[in-house]
Amino acid sequence: QVQLKESGGGLVQAGNSLTLACAASGRTSDAATMGWFRQAPGKEREFLATTILHNEYVHYADSIKARITISGDNAKDTVYLQLSSLKPEDTAIYYCAAGPYNSIFSRSVDDFPYWGQGTQVTVSS
């Protein structure tokens with residue numbers, strides 16, 4: 001089993017930046033791909049970005065890639081998501097996800113067996 005723990009959420013003003021972190025523990029060999037999704041109230045969970053920690057390969061959602069950066073620290077089994085130029089519509093619960101290598105190209109929640117509990121990001125106007 002893999003456990004994921006997000007941190008870094010909170011209340012931020014529009015236009016500012018925020019960095020989220022997600023630390024993996026347990027059987028981290030099953031978490032070669034780590035990434036981020038978000039879910040706004042009344043909406044489906046939305047793919048944002050994934051990365052493979054040991055080779056830094058990244059994959060972004062086209063809709064938001066200009067404003068986010070995913071990075072990882074392989075030694076710490078931690079993935080980060082930097083959000084910039086935040087907008088009120090970015091308000092959501094941000095979830096960390098992990099899966100095998102072939103999850104890197106997936107945007108589907110079904111391809112990620114491990115999830116964190118989420119961290120709330122609220123952007124005020």
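See above for the structure.
Residues numbered from 1 in each chain as written. Predicted model: local features only at pLDDT ≥ 70, side-chain atom pairs only at ≥ 80, totals over all residues. Heavy atoms only, no water.

*Asks:* Any details on the environment of Y57? Residues and values, ideally.
*Replies:* Structurally, the position occupied by Y57 is in strand β6 (residues 57-60). Leave out the neighbours within four places in its chain, and Y57 touches T50, T51, I52, I104 and F105. (Helix = DSSP H or I, 4+ residues; strand = E, 2+ residues; numbered from the N terminus. Contact = heavy atoms within 4.5 Å.)

*Asks:* An account of the state of the cysteines is needed here, citing residue identities and associated values.
*Replies:* Defined simply, a disulfide is a covalent bond joining two cysteines at their sulfur atoms. Under the definition given, this model contains one disulfide. Residue pairing for C22: its cysteine sulfur links by disulfide to C96, the two sulfurs lying 2.0 Å apart. Looking along the S-S bond of the C22-C96 disulfide, the torsion reads about -80°, which is the left-handed sense. Note that C22 is positioned in strand β3 (residues 18-26) and C96 in strand β9 (residues 92-99), a separation of 74 residues in sequence. The pair formed by C22 and C96 is uniform in burial state, with each residue classed as buried. (Disulfide = S-S within 2.5 Å. Buried < 20%, exposed > 50% of the residue type's maximum accessible area, 1.4 Å probe, protein only.)

*Asks:* For unusual backbone geometry, give the residues involved together with the corresponding values.
*Replies:* Although it is not a glycine, D77 sits at a positive phi angle of roughly 50°. Within the fold, D77 resides in the loop between β7 (68-73) and β8 (78-83). For S85, which is not glycine, the phi dihedral falls at a positive 45°.

*Asks:* Can you tell me about the pattern of salt bridges, naming the residues and giving the values?
*Replies:* In the structure shown here, the tally under the stated rule is five salt bridges. Between R27 and D30 there is a salt bridge; the shortest N-O distance is 2.9 Å. For D62, the salt bridge goes to K65, with nearest N and O atoms at 3.4 Å. Accessibility expressed as a relative area gives 55% for D62, which makes it exposed. Residue K65 is classed as partly exposed on the basis of its relative accessible area, which comes to 46%. Through salt bridges with shared partners, a single ionic network connects R38, E46, R67 and D90. (Salt bridge = Lys/Arg side-chain N within 4 Å of Asp/Glu carboxyl O.)

*Asks:* Hey, could you go over the packing of aromatic side chains for me, with residue numbers and the actual values?
*Replies:* Under the criterion given, the structure shown has six aromatic pairs. Ring centres 6.4 Å apart and planes at 65° place the aromatic pair F112 and W115 in the edge-to-face group. For F112, a relative accessible area of 2% gives the class buried. Taking relative accessible area as the criterion, W115 reaches 25% and is therefore assigned partly exposed. One aromatic cluster is present, built from ring pairs that chain together F37, F47, Y95, F112 and W115. Its end group placed over the ring of W115, R45 keeps NZ or CZ at 4.9 Å from the ring centre. (Phe/Tyr/Trp six-rings, centres within 6.5 Å; stacked < 30°, edge-to-face > 60°. Lys NZ or Arg CZ within 6 Å of the ring centre and 35° of its normal.)

*Asks:* Requested: an account of the pairing of strand β1 (residues 2-7), with residues and values cited.
*Replies:* Side chains V2, L4 and E6 project from β1 onto a buried face, and the interleaved Q3, K5 and S7 project onto a face without burial. For β1 and β3, the ladder comprises six bridges, and the chain directions are antiparallel. Residue pairing across strands places L4 opposite A24, the latter belonging to β3. (Pairing = 2+ DSSP bridges.)

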